[in-house]
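Chain residues, written in single-letter form:
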Amino acid sequence: MFNFFRSTQKKDVLIEKPNHIAIIMDGNGRWAKKRFMPRISGHKKGLESVRNVISQCQKLDIPFLTLFAFSTENWLRPSQEVNFLMSLFQDSIIKESSSLIKNNVQFKLIGDRKPFSKSLISKIKNLERLTEKNTGLTLSVAINYGGRWDIVNAVNQYQKSDHSKKTFTQKDLIKNLSLNFAPDPDFLIRTGGEKRISNFLLWQFSYTELYFTETLWPDFNEKVFMDALFEFQRRERRFGKTSEQL
Ligand code: FPP
């Protein structure tokens, strides 16, 4: 049935907020190209949008934010860009750590760490440890992450534990996925105009509301974010039920 309340909700009052927002931060390269700048300038500017969206989530009391920063496929980019991104991640982990600690943010990195340098791995572990008791926003950054990798990795982890005779269940998989500490995302925002999920959280997106905006990630701001959140609260989430059952 047509949900009268939902369709007449005032656009400027945010009542239903997502518990967990995932973001595919796309469009850094195009943002730079439009300005005749190198692609890496787009990534640098994109870091400002990362800081802004973290503080927006804190302001709105959103408990979980998961950002897709580098996919298992992004290694195929020109080596200069890959190297730049890896040092940007490493520098950000160092430079942003005091602000994350001060702001009660719990930091997590999801993705395959194996190809990272020893120094990057130890910096990641250190920041995770320093923020593990924080009770505010849980910020997960996906680096060298792929949804397919995550599922296969979870199965391998399960197999290593001694359960070989038991029937494999959804719970067994979920326990071994890299986002096992968070509920499934309620809302995915993808910037940059493409309408796909690009091997992000394949398992967890089963009932996630998808939102695509033409805004390029470096231009992402509070207005674009709030517009997305107002759209989220207009959605009717049925999880397989009928409208009448809600
Ligand atoms: C996609 O845009 C963006 C990336 C592959 C990198 C994302 C990185 C940042 C936002 C910088 C800092 C992030 C953290 C978490 C420290 P694209 O390059 O594919 O853009 P295009 O589609 O316009 O080429």
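Residues numbered from 1 in each chain as written. Predicted model: local features only at pLDDT ≥ 70, side-chain atom pairs only at ≥ 80, totals over all residues. Heavy atoms only, no water.

### A look at the nonpolar core
Okay, so step 1: Core analysis: the largest hydrophobic core is formed by 45 residues, its most contacted members being Ile23, Leu65, Phe107, Leu139, Ile189 and Phe225.
Okay, so step 2: Every residue in contact with Leu65, bar those within four places of it in the chain, is listed here: His20, Ile21, Ile23, Val53, Ile54, Cys57, Leu137, Thr138, Leu139 and Ser140.
Okay, so step 3: Grouped together as the second largest cluster of nonpolar side chains are 14 residues, Ala142, Trp149, Leu188 and Leu201 included. (Core = buried A, V, L, I, M, F, W, Y, C linked by side-chain atoms within 4.5 Å. Buried < 20%, exposed > 50% of the residue type's maximum accessible area, 1.4 Å probe, protein only. Contact = heavy atoms within 4.5 Å.)

### Some thoughts on the sheet that holds strand β6 (residues 209–212)
Okay, so step 1: Strand order in the open sheet made by the 6 strands is β3-β4-β2-β1-β5-β6, with parallel pairing throughout. Only two strands of the sheet have a single neighbouring strand rather than two, namely β3 (106–110) and β6. Going from strand to strand, the sheet's axes swing by 20° on average, the running direction of each strand aside.
Okay, so step 2: As paired elements, strand β5 (residues 187–190) and β6 share 4 bridges and run parallel to each other. (Pairing = 2+ DSSP bridges. Helix = DSSP H or I, 4+ residues; strand = E, 2+ residues; numbered from the N terminus. Axes fitted to C-alpha atoms, helices over the stretch in contact; angles between N-to-C directions.)

### Brief notes about the side chain of Thr215
Okay, so step 1: Inspection of the secondary structure puts Thr215 in the loop between β6 and α9 (222–234).
Okay, so step 2: Within the structure, the side chain of Thr215 is placed 3.1 Å from the side chain of Thr213, a separation counted as a polar contact.
Okay, so step 3: Residues contacting Thr215, with those up to four places away along its chain left out, are Asp26, Thr191, Gly192, Phe220 and Val224. (Polar contact = N/O pair within 3.5 Å; in protein donor to acceptor, adjacent residues only side chain to side chain.)

### Let's talk about the site of the ligand
Okay, so step 1: Contacts to the ligand come from 20 residues, most closely from Asp26, Gly29, Arg30, Arg39 and Arg77.
Okay, so step 2: Contact between the ligand and Arg30: an oxygen atom at 2.7 Å from a main-chain N or O atom of the residue.
Okay, so step 3: Surface burial for the ligand is 90%, taken as the share of its 630 Å² of free accessible area covered by protein chains.
Okay, so step 4: Its atoms largely coinciding with the cavity grid, the ligand occupies the largest pocket.
Okay, so step 5: Contributions of two or more residues to the shell around the ligand are made by α2 (28–34), α3 (39–59) and α4 (79–95). (Near = heavy atom within 4 Å. Areas by Shrake-Rupley, 256 points an atom, 1.4 Å probe, with all protein chains shown as cover. 1 Å grid on protein atoms, 1.4 Å probe; cavity = no way out; pocket = protein on both sides within 12 Å on 5 of 7 lines; lining within 4 Å. Sits in = over half its atoms within 2 Å of the grid points.)

### Here we look at the environment of Leu109
Okay, so step 1: If you trace the backbone, Leu109 turns up in strand β3.
Okay, so step 2: What makes Leu109 buried here is its relative accessible area of 6%.
Okay, so step 3: As a C-alpha pair, Leu109 and Met86 span 23 residues in sequence and 14 Å in three-dimensional space.
Okay, so step 4: Among all residues touching Leu109, those that are not within four sequence positions of it are Phe116, Ile124, Glu128, Val141 and Ile143.

### Structural notes on unusual backbone geometry
Okay, so step 1: One non-glycine residue, Phe36, adopts positive backbone phi at about 55°.
Okay, so step 2: With respect to the secondary-structure elements, Phe36 resides in the loop between α2 and α3.
Okay, so step 3: We classify Phe36 as exposed; its relative accessible area is 82%.
Okay, so step 4: Unusually for a residue other than glycine, Asp61 sits at a positive phi of about 60°.
Okay, so step 5: You can see Asp61 is positioned in the loop between α3 and β2 (64–71).

### Side note on the pairing of β3
Okay, so step 1: With 4 of 5 residues buried, β3 is to be regarded as a mostly interior element.
Okay, so step 2: Judged from the 5 bridges that link them, β3 and strand β4 (residues 138–145) form a sheet pairing that is parallel. Paired with Phe107 across the bridge in β4 is Leu139.
Okay, so step 3: Handedness of the β3-helix α6 (residues 118–131)-β4 crossover: left-handed. (Right-handed = clockwise from strand over helix to strand, strands pointing away.)

### Side note on the packing of α4 against α6
Okay, so step 1: Running from amino to carboxyl end, α4 crosses α6 at an angle of 35°, the nearest separation of the two axes being 10 Å. Handedness of the crossing formed by α4 with α6: left-handed. Within the contact between the two elements, α4 uses Met86, Gln90, Ile93 and Ile94 and α6 uses Ser119, Leu120, Lys123, Ile124 and Leu127.
Okay, so step 2: For the contact of α4 with α6, the per-class residue count stands at 6 nonpolar, 2 polar and 1 charged. (Left-handed = near helix turned anticlockwise from the far one by under 90°. Nonpolar A, V, L, I, M, F, W, Y, C, P; charged D, E, K, R; others polar.)

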